[in-house]
Every structure is written in C-alpha cells, then in structure tokens.
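Observations on the three-dimensional arrangement
Next come the chains, spelled out residue by residue.
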Amino acid sequence: MTDTGFLLRSSPHLKARDSVPKIMYAVVISLMPAMAASFYFFRLKALAVYLICLAGCLATEAVFLRVRKKPMSSLWDGSAVITALLLAMTLPPDLSWDIVLIGSVIAIALGKQVFGGLGNNIFNPALVGRAFLQVAFPVAMTTWSPPATLVIDTVTYATPLGNLKFQGALAQGTLTPLSDLFWGNTGGCLGETSSLALLLGAAFLLFRKTIDWRIPAGAILALGAFTGIFWLTSPQEYASPLFHFLAGGFILGAFFMAPDMVTSPITPTGAWIYASGIGLMVGLIRLFGGFPEGVMFSILFMNTFVPIINRYTRPRILGQRRGT
Amino acid sequence: MNLSVRMVVVLTAVGLISGGLLSVVNLLTAERIELNRLKEIEDAITQVVPGTVSSQKLYEEDKFTVYASKDASGQELGYAVYASGTGFQDIIVLMFGTDPAIETINSLTILEQKETPGLGAKITDQQAFLRYWKGKDIRQPLTLRKPAVGSPEELGATEVNTITGATISSDKVMGVVNLSLERLRQIKQEGKLASGDGHVN
Amino acid sequence: MSTKSLSAEYLKGLWDENPVFRQLLGMCPVLAVTNAVINGIAMGLAASFVLILSSVVVASIKKLIPTQVRIASYIVVIATFVTVADRFMAAYFPPISKALGPYIPLIVVNCIILGRQEAFSSRNSVGRSFIDALGMSTGFVLALLVLSSIREILGAGTFLGMQVMGSWFKPWIIMILPAGAFITLGILLGIALLVEQKTRERRAS
C-alpha cells in the first residue's frame, strides 16, 4: 500500500474531533501534576532524568523517521514525548545518565520503530525500555534513594513494596503509612510515588474521555478482588487492597500505560478482559512472584494478548449469525 | 535383493559400524573423563582445606559426601563436604571445608550452578562472594548480612555477605551450607566419620 | 545435482545460503550457547566436525541406502559423530564441555546437519558434499562468532574473557541472558535482510 496519508473509502464518514497530537498532548498535560510532584520530592535528579529521556527518545525517533523517509513532522506528534515522560517516571531517581539514555533509545527503537512506528507497536514503548533496563542493569534499577523531603541518614532506601516483600514490613509494623503513599512522601520510581498527583491527571483524562474508563476500573477491581481475598483471610500476612492500589506503579500503570490506545483492546468487552488480566497479574506477582512489583510485566504480558482479545470480542455485525 | 531385507541389512550395518566406532571412542576417553571428574573433586578439596596432601572419602549418601583431608604426615586437617541444593534457577553444587572440630569454615567453592549470569552467578566470584566465607564461626548457624558490606572485616563472626541484587542465590548457598553442617555433625555423632585406617568407633 | 563451480559451492554457505542468517536453521544452539565467544566457537567447531564428517559419509554410502530408511541412517551417522565430539570434549576440554552442557548432544537434532544430508549430500559427489559442508560450517561458525561477540562484549564487557571495555562500561546483563540472544538475532536478521534487499536492487538496476 502506498502511504498517502489518506484512506479512501465510500461514505458515510465520521468527522473525529480528536487528532493524534491533540490526544497526545492531553496525556502530556495530565502527566504534569505527577512531574511536578517528582520535582518536589526528588529535586534536580528528577529534572535530569526527564531531560535525558526526552533527548534520547526524540533523537532516536528523528533518526528512524529520517532513515525510513517519513515526514519529520511526526516527531512532534507527541507520542515520542509521552514515551519519554512515561519512561522517566518509571525509573529510579538515582539512575546514571548513560543507563537512562540506553533505556530511551531502546524504548523508541525496539519498542516502537522496529514494528513500523506509531500505531503498529505491540508493546507499550516506555515499558519496553524499562523492561530492558530492568533485566540489563538489575542492581542499578533496584537501588532507590529516599525523597528529599524525608530526612533519613541512609543512601539506599527500600520502596514500600520492597519493604513489604523482603523486609517483612507487615509483621514488624514498619509498613509505609497510606498517607505517605497518597502524598508521595516515600521511595520509588520518579513518577509513581505521589498517588494524589497521578489521580489528578487521571481525572483530567477520564473527564476528557481520552482513556477508556473500563481499563483502570477493570484493573482496580481485579487487583482489589485478588488482594482483598488474601487480606480478608489473613490480614497479618497480606497487605490491604488499598495499600496495593497506592504503593508502587499501579496507578501510573492502570491510568497512563495500560489504556495506551495502540496497545489496548478496542472493544468494551476486550477492555474488561485486558484490564482484569493486568490487575490479576499484578496481584499474583506482588504476592507470590520473585519481584516486589509487577505492574510493568503485567501490562507487557497482557499487551501480547491484545490482538487475540480484539479478534474474539469483535462485535457482531447486525444480522450476521454468530460464528461466521 | 528384496527391498525390506535390504532395509534391515543396511540399518543393521549402519548401527553396527556406529556402535563399534563408539565403543572404541569410549575406550579411548572413558579413563580420561573419569580422571577429570576425580581431579575436579581433588582440586576442590585442596582449595577448601588448604594444605591437603591426601584425601579420603569417609561418608557418602545421595548428593552429600564427606572427605577427610590430611597433610603429608597423615595428620587430619579437617573435613571437605560436597553438597548440593536448589538455587534460584537450578541445582547449586558446592564444597566447603571445616576444621576437624567443625567450628570454623576454611573456605567455600561452587562447583556447579546455573544462576542468572551477572547476578546470582556471582556466587562463584571470589571478590564478590566467596572471600566473605573464609574463617566463619560455624558453631551457630550462619546468617546473611543485608544490605551487603564492602569488606570481610565488617561482618560478624557468623555473618556472610549478600550479593547485591542476588539475595536469593546468596541465601540458597547459605541454606545448603547450614543444612550440610547440621548433617555433618549428626553423622559425626553417629560415629560414621571414622577415619579409614582400621579404627572403627 | 549441483552444477556450480567448486568455489561457488563453498562461498554460498558464507552468505547467500548462510545457515543462520539466510536459512534460519539451527536456531537452538545459535540462541542458547552464544553468551560467550568461547562457547560460540566451541559449538561452531563441534557442529562443523559433525557436519563435515556426516556429509562425507552420507555422500559415500548414499547409493547403498534405500530411500525408505535414509533419514534413520543419516541420524545414526550424525549421532555417532556427535557422540564422538561429546566424549572428546568431555575428555580434553572439560570446562567447555561443562559450559555447553546438553547442547553438544543436541547437535544431533540440529537442522543444519540433517538438512544438508537430505538436500545436498544424498545427491552429490563426495568431494562436492565435502566442499558444501565446509562452506556451511564456515557460515555457521561465522554467524555464531558475530552473535557471541556482540553478546559477550555488551553483556560482560569482555571478548574471549579479556576485558575490552573500559571501567566506565556497565555490562548489559540482558545480553548474556536468553532475551539478549533473541534481540541480537532479530537485529542481525533485520540487517541481513536489508543488505540482501539492497544488493538485489543494485543487481536489478
């Protein structure tokens, strides 16, 4: 097919209010509160990570557009910017610049462009970049520093979920308080610590109908049900669902990554299946997996099922018989 | 010749020639392969009980073997214990040496492992892991020091260092050693560690 | 029956019909043992040994073998040489034998070897089969060398165990894990296709 940029079909046509850049920049705006929170909690370290990610992602995107002879204007459609911001938000504040740069290049190159660019990628590009870094530099990717707002005399600091899993925080009563998780006054990835800031942005997206509400809803219900059952049977052994919602990258993942239009199902039923799969996987990994956190793996895992979910939840055409 | 007879004849011939060739190869290499295996164990014993001149198998059960190691004059230097257990990914086979009273560990060496390269696989690394095991007090079960420290002096007498990012592998190795020590004491008490020169307690 | 010149018979294994990059055969060892250059070379040489000898033997006995039992006979021949290679390595190179583990015995099911017997040695002369096997082996060893070099340098910062990257370099551990094998192979295959496409375009114009 020659890529003219237009798809010629017979009427009826539907004029869409949204365009790719409009949607993308709405997401960028929705990420602003969380970015502001990360500047507040991690200061200049956060700024450096954001800038390197932006530079790395945009440069890689530009190189690919150039090589593949695509219009350079696509560089500013906002998709690479979102990848950069989301990737930065999932990185530990103290990550050294070269690792951040490798992650951004991988995110765009292996996460998006090798599949043919925006719209063709199977996986969320930012998460591909992060997954690569997680496996390539496991020590650097799990070394956390406390936020600048906490006066603690240590260099390293465990995340709330790490505390829960490896230090037995629940038994010792040292579980991070919910209020700290809500405001963001705790350790973790740059953009994941402040639930409040993330929820503000998410409310904007939901209000604007940029994201499908079923996806965060489904993920929350599934994670809530899964962790809730264990919590109810043995509260001294398992943390509450509320803790699981607020800790780690769940809100960031459920509202900003899982609903990514390219890598999530297009049908409402499909969205429910996809989202509950994510919620369930997060619960499974957090409670019984080797890693303390599982949002990234869960989303990537469910991304692989999107084509098949789309296929089997396709709505019936009026008058068509089932199974044809 | 009838086709089916020919098929049988050809396959039999191919099989026989192959079998003959392989038995020759086996004759030529079997001895060396066995030697390699023994040498590996001997090397490991010398490594975990320094000064070993001769060693003798005292006790053997499934995946657990105790060797007595002796110096040139026949003086017993200690025990070398060959043991294994499940690691993070696959079985870890290791050997460690103790003094004759089973009070301190001489050193530890990892013989086989399939832990994650770059992470858990550091259990074979002298600098990152094994050097922290030398001279540990084993009258109490060993414990893991986490987060890791930078030099052996910072550890307590019964503490061993963790590999940063590979807590599970470090823990598994410690588990194998602790379990083996328990077993070693038990069989010593049962009198099964009699030295082989005629004295049976 | 192949009618190529003997040099073309050899050279086709290097690029045009490279077993790894063009035919996508023998992926199991290609992915599994290329985490270090020494393992890649050892696997390459062991597979070459088996391929060359099997090809010669199959080409010389091809007339005797009824077609119905040819695959069984080839496999017995291949398995014999694999066992020879396996025992030999265990006896003389125990560390490498240990590092390659089950992948040496698994050469028996390497499609390159059975593929060459079926596609080439069973219908060409002994000499030609030898040249063909030699070319395929060279191509296989080269592919393993390229893949394992990239993976070892990026994944451990070393080449054949020698430090080649400066102390500033942080090893990309993913490269010596299975995921790194798939990523590297995927990128190399993409490059190979691109080169092929460009040369074809140039030939056409």
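The text that follows walks through the structure, step by step, so that each part is easy to find. Small disclaimer: the values here were computed from a predicted structure and weren't measured.

1. Examining the sheet that holds strand β3 (residues 76-86) of chain B
Residue and element names in this part refer to chain B. Here five strands make up an open sheet; going across it, the order is β1-β2-β3-β4-β5 and the pairing antiparallel. Edge positions in the open sheet fall to β1 (54-61) and β5 (105-112), since each of these has one partner strand only. For this sheet, the mean angle separating the axes of adjacent strands, direction not counted, is 20 degrees. Examined bridge by bridge, β1 and strand β2 (residues 64-70) share seven bridges and lie antiparallel to one another. Its bridge partner being in β2, Glu61 is matched across the sheet by Phe64. Contacts between helix α1 (residues 3-48) and the sheet are confined to β1, β2, β3, β4 (91-98) and β5, with β5 contributing the most and set at about 150 degrees to the helix. Relative to the sheet, helix α2 (residues 167-189) contacts β1, β2, β3, β4 and β5, its axis offset from that of β4 by approximately 55 degrees.

2. What to know about the side chain of A:Thr210
Residues and elements named next belong to chain A. Within the secondary structure, Thr210 is located in the loop between α8 (195-207) and α9 (214-233). A relative accessible area of 6% means that Thr210 is categorised as buried. In this structure the side chain of Thr210 is engaged in a polar contact, spanning 2.7 Å, whose partner is the side chain of Arg208. Ignoring any residue separated from it by four or fewer positions in sequence, one finds Thr210 in contact with Ile23, Ala26, Val27, Leu205 and Met261.

3. Here we look at the packing of aromatic side chains
Per the counting criterion, the structure on display carries 18 aromatic pairs over all chains. Each ring, one from A:Phe39 and one from A:Tyr50, has its centre 5.5 Å from the other, and the planes form 70 degrees; the classification is edge-to-face. Of the residues examined, A:Tyr50 reaches a relative accessible area of 2% and is grouped as buried. Centroid distance A:Phe132 to C:Trp172: 5.7 Å. Interplanar angle 85 degrees. Geometry classified as edge-to-face. Taken together, the residues span two chains, with A:Phe132 in helix α4 (residues 125-136) and C:Trp172 in the loop between β2 (162-163) and α8 (178-204). Just as A:Phe132 is buried, C:Trp172 falls in that class too. Its end group placed over the ring of A:Tyr40, A:Arg43 keeps NZ or CZ at 5.5 Å from the ring centre.

4. So, the interface of chain A and chain B
Between chain A and chain B, the residue contacts involve four residues of the former and four residues of the latter. In this assembly, chain A packs against chain B so that about 330 Å² is buried in total across both faces, 74% of it on carbon and sulfur atoms. The largest per-residue losses of area from chain A upon contact with chain B belong to A:Pro138, A:Val139 and A:Phe166, which jointly make up 71% of the total buried on that side. Applying the counting rule to chain A against chain B returns zero salt bridges.

5. Considering a positive patch on the surface
A cluster of basic residues, A:Lys15, A:Arg17, A:Lys22 and A:Lys209, forms a positive patch on the protein surface. With respect to the secondary-structure elements, A:Lys22 resides in helix α1 (residues 20-67).

6. Things to note about the interface of chain C and chain B
Contacts between the two partners involve 23 residues from chain C and, on the opposite side, 23 residues from chain B. Of the roughly 2000 Å² buried between chain C and chain B on both sides combined, carbon and sulfur atoms contribute 73%. Viewed at the interface, chain B and chain C are joined by one salt bridge. Between B:Glu40 and C:Lys98 there is a salt bridge whose closest N-O contact spans 2.4 Å. If you look at where chain C meets chain B, you find eight residue pairs in polar contact (both at pLDDT 80 or more). Put simply, the parts of the chain that give the side of chain C that touches chain B at least two residues each are α4 (70-92) and α5 (94-100) of chain C. With twelve residues, the top contributor of residues to the side of chain C that touches chain B is α4(C). Looking at the side of chain C that touches chain B, its residues break down into 16 nonpolar, four polar and three charged.

Reading the values: rules and limits
- Residues numbered from 1 in each chain as written.
- Chains lettered and ligands numbered in written order.
- Predicted model: local features only at pLDDT ≥ 70, side-chain atom pairs only at ≥ 80, totals over all residues.
- Heavy atoms only, no water.
- Pairing = 2+ DSSP bridges.
- Helix = DSSP H or I, 4+ residues; strand = E, 2+ residues; numbered from the N terminus.
- Axes fitted to C-alpha atoms, helices over the stretch in contact; angles between N-to-C directions.
- Contact = heavy atoms within 4.5 Å.
- Buried < 20%, exposed > 50% of the residue type's maximum accessible area, 1.4 Å probe, protein only.
- Polar contact = N/O pair within 3.5 Å; in protein donor to acceptor, adjacent residues only side chain to side chain.
- Phe/Tyr/Trp six-rings, centres within 6.5 Å; stacked < 30°, edge-to-face > 60°.
- Lys NZ or Arg CZ within 6 Å of the ring centre and 35° of its normal.
- Buried area = accessible area lost by both parts, 1.4 Å probe.
- Salt bridge = Lys/Arg side-chain N within 4 Å of Asp/Glu carboxyl O.
- Patch = residues over 30% accessible without salt bridge, like charges linked within 9 Å, V, L, I, M, F, W, Y side chains within 5 Å.
- Areas by Shrake-Rupley, 256 points an atom, 1.4 Å probe, with all protein chains shown as cover.
- Lys, Arg positive; Asp, Glu negative; His and termini not counted.
- Charge placed at Lys NZ, Arg CZ, Asp CG, Glu CD.
- Nonpolar A, V, L, I, M, F, W, Y, C, P; charged D, E, K, R; others polar.

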